[in-house]
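Chain and residue survey
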Amino acid sequence: IGGACWFTCWILENIADVQKLIFEKNAKKNNDIKTAVLGWKPYDTIPYWLWTKCRHPNYFFEWSCWNSFILMSIPSIFDFWNDEIRMFYQKLESF
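The model shown is predicted, which means the values in this text are computed figures rather than measured ones. The numbers attached to residues start from 1 for each chain and follow its sequence in the written order. In view of the model being predicted, local features appear only for residues whose pLDDT reaches at least 70, and side-chain atom pairs are presented and counted only at 80 or more, with totals across whole chains, interfaces and linings using the full set of residues. Hydrogens and waters are ignored; side-chain quantities use all the structure's heavy atoms.

Strands here mean DSSP runs of E at least two residues long; helices mean DSSP runs of H or I at least four residues long; both are numbered from the N terminus. Scanning the protein chain from N- to C-terminus turns up 3 helices and 0 strands. Beginning at the N terminus, the succession of helices and strands in the protein chain can be written as α-α-α. Since a compact globule built from 95 residues should have a radius of gyration of about 12 Å, the 23 Å found for the protein chain marks it as more spread out than a globular shape. Dimensions of the protein chain along its principal axes, counting C-alpha atoms only, are 80 × 20 × 15 Å. Between buried and exposed lies partly exposed: a residue is buried under 20% and exposed over 50% of the maximum accessible area for its type, with that area taken using a 1.4 Å probe on protein chains only. Within the protein chain, buried positions represent 24% of all 95 residues. A separation threshold of at least 6 residues defines the contact pool for the protein chain, and within that pool the share at least 24 residues apart is 58%. Carbon and sulfur atoms provide 67% of the accessible area of the protein chain, an area that totals close to 7500 Å². Only four residue types enter the charge count, namely Lys and Arg as positive and Asp and Glu as negative; His and the chain termini do not. To locate a charge, take NZ of a lysine, CZ of an arginine, CG of an aspartate or CD of a glutamate. Distance between charge centres in the protein chain, computed from 10 positive and 10 negative side chains, equals 15 Å. Between the two quantities, the radius of gyration covers C-alpha atoms and the globule rule is 2.2 Å times the number of residues to the power 0.38. Note on contacts: a residue pair is in contact if any heavy atoms of the two residues lie within 4.5 Å. The protein chains shown are the only cover counted for residues, whose accessible areas, like all others here, come from Shrake-Rupley with a 1.4 Å probe.

Okay, here's the thing in structure tokens:
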């Protein structure tokens, strides 16, 4: 689950970065780079769909990528605690 979450968030982060680059290119071409806002008209169309849903999707998905590592580490945490509990009971049995 964590790996799939990481991959999905990584793809969406890169899509958001590409959309931002397209916005910057088009805003410079239209000569409104200082006043244009990504996600607002006229930059609220399909090429900028992530930016119309969230103010900073590239940062959000980067944060989500890092949280995916936490999801990926959960099984090893359970393995660690199971080993610790098993060793504790083995020490109790040896008394």
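So, about the packing of helix α1 (residues 2-29) against helix α3 (residues 57-94). Packing of α1 against α3 brings their axes to within 8 Å, and their N-to-C directions diverge by 165 degrees. In terms of axis orientation, α1 runs roughly antiparallel to α3. Viewed along their axes, α1 and α3 form a crossing whose handedness is left-handed. Residues G2, G3, C5, W6, C9, W10, L12, E13, A16, D17 and K20 of α1 form the contact with α3, whose own contacting residues are P57, N58, F61, E62, S64, C65, S68, F69, L71 and M72. Within the contact of α1 with α3, the residues separate by chemical class into 12 nonpolar, 5 polar and 4 charged. Axes, fitted as lines to C-alpha atoms, cover a helix only where it is in contact. Angles between the N-to-C directions of the axes lie from 0 to 180 degrees. Any angle between 65 and 115 degrees counts as roughly perpendicular, while under 35 counts as roughly parallel, over 145 as roughly antiparallel, and the rest as oblique. Take the far helix as the reference: if the near one is turned anticlockwise from it by less than a right angle, the crossing is left-handed, and if turned clockwise, right-handed. Following the grouping adopted for this structure description, the nonpolar residues are Ala, Val, Leu, Ile, Met, Phe, Trp, Tyr, Cys and Pro, the charged ones are Asp, Glu, Lys and Arg, and the polar ones are all others, Gly among them.

Now for the state of the cysteines. Working definition: a disulfide is two cysteine sulfur atoms within 2.5 Å of each other. The tally for this structure, following the rule as stated, stands at 0 disulfides. C5 supplies the cysteine sulfur nearest to C9, a cysteine that is in no disulfide, at a spacing of 4.2 Å. The class of C9 is buried, set by a relative accessible area of 8%. Between C65, a free cysteine, and C9, which holds the nearest cysteine sulfur, the sulfur-to-sulfur gap is 5.2 Å. Take C65: its relative accessible area is 5%, and that puts it in the buried class.

Residues spaced three or four apart along an α-helix point in a common direction, a consequence of the helix completing one turn every 3.6 residues. In this model, α1 (28 residues) spans 40 Å end to end at C-alpha, consistent with the 40 Å of a helix rising 1.5 Å per residue. Taken together, the buried positions of α1 are G2, C9, L12, E13, A16, Q19, F23, N26 and A27. Here the buried face of α1 lies against α2 (49-53) and α3. N31 sits one or two residues past α1 and shows a positive phi near 65 degrees. A helix is expected to reach a length of 1.5 Å times the quantity of its residues less one.

On to the confidence of the model for the protein chain, then. A score between 0 and 100, pLDDT records how confident the predictor is in each residue. Looking at the protein chain as a whole, the pLDDT averages 89, with 99% of positions reaching at least 70. α1 holds the highest mean pLDDT among the elements of the protein chain, 94, whereas α3 holds the lowest, 86.

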